[in-house]
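Spelled out from the first residue to the last, the chains are:
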Amino acid sequence: MDELHDERSYTSDCRARLAFEVLANRWDSVVVYTLGEAGPIRPRQLRARIGGISPKVLNEALRRLEYNGLVERRAYAEAPPRVDYALTEAGTALLAPMRAMGMWAVRYGDAVLDAQDRFTARGRERLGARATPVIRG
């Protein structure tokens, strides 16, 4: 059987799990996608393109992505110093699966949100039933 399709490949220590964990942080996929669209870019410009991300959180995401080999930091010997970030080959290779996940989200996003709402409502109903005071005589 092809190793990529072997059911045993989806175990607790498999490479597929590693791939999902690499982008599990809330902002990491946004940073990768934006770098893929914008090309090499300085942190301030990247933050402006993303919107809603603080400098600290962006810096943490860039460090994580650099640690995982998806982003490279390039410093230039200029005055004032200039730094930009670009996707590595591995980071660029993630863009196609990320776009596929985006298409999945467009197609099934409403169903997922509806399921979450139903689950939350069921939980509230259960809590409401237990929160009813018991009258003891």
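In case you missed it, the structure is sitting above this.
Heads up: these notes are all about the structure in this document. All values derive from a computational prediction rather than experimental measurement. (Residues numbered from 1 in each chain as written. Predicted model: local features only at pLDDT ≥ 70, side-chain atom pairs only at ≥ 80, totals over all residues. Heavy atoms only, no water.)

1. Observations regarding unusual backbone geometry
Here is step 1: A cis amide bond links Ala79 with the next residue in sequence, Pro80, at an omega value of -5°.
Here is step 2: Looking at where Pro80 falls in the secondary structure, it is placed in the loop between strand 1 (71-76) and strand 2 (82-87). (Helix = DSSP H or I, 4+ residues; strand = E, 2+ residues; numbered from the N terminus.)

2. Structural notes on the packing of aromatic side chains
Here is step 1: A complete count under the given rule lists 1 aromatic pair for this structure.
Here is step 2: A centroid spacing of 5.9 Å and a plane angle of 40° characterise the contact between Trp104 and Tyr108, whose relative ring orientation is tilted. In this pair, Trp104 and Tyr108 are both assigned in helix 6 (residues 95-131), 4 residues apart and thus about one turn of the helix distant.
Here is step 3: One Lys or Arg, Arg82, reaches over the ring of Tyr76 and ends 3.8 Å from the middle of that ring. (Phe/Tyr/Trp six-rings, centres within 6.5 Å; stacked < 30°, edge-to-face > 60°. Lys NZ or Arg CZ within 6 Å of the ring centre and 35° of its normal.)

3. Remarks on the nonpolar core
For soluble globular proteins, nonpolar side chains are generally found buried alongside one another.
Here is step 1: Formed by 22 residues in total, the largest nonpolar core has its most connected members in Leu23, Val31, Leu35, Leu46 and Leu62.
Here is step 2: Broken down by secondary-structure element, the contributors of at least two residues to this core are helix 2 (28-38), helix 3 (43-50), helix 4 (55-67), strand 2 and helix 6.
Here is step 3: Top element by residues in this core is helix 4. It accounts for 4 residues.
Here is step 4: Residues contacting Leu62, with those up to four places away along its chain left out, are Val31, Leu35, Leu46, Val71 and Tyr85. (Core = buried A, V, L, I, M, F, W, Y, C linked by side-chain atoms within 4.5 Å. Buried < 20%, exposed > 50% of the residue type's maximum accessible area, 1.4 Å probe, protein only. Contact = heavy atoms within 4.5 Å.)

4. Remarks on the packing of helix 2 against helix 3
Here is step 1: At a closest axis distance of 10 Å, the pairing of helix 2 and helix 3 adopts a crossing angle of 105°. Considered as vectors, helix 2 and helix 3 are oriented roughly perpendicular to each other. In contact with Val30, Val31, Thr34, Leu35 and Ala38 of helix 2, helix 3 contributes Leu46, Arg49 and Ile50. (Axes fitted to C-alpha atoms, helices over the stretch in contact; angles between N-to-C directions. Parallel < 35°, antiparallel > 145°, perpendicular 65-115°, else oblique.)

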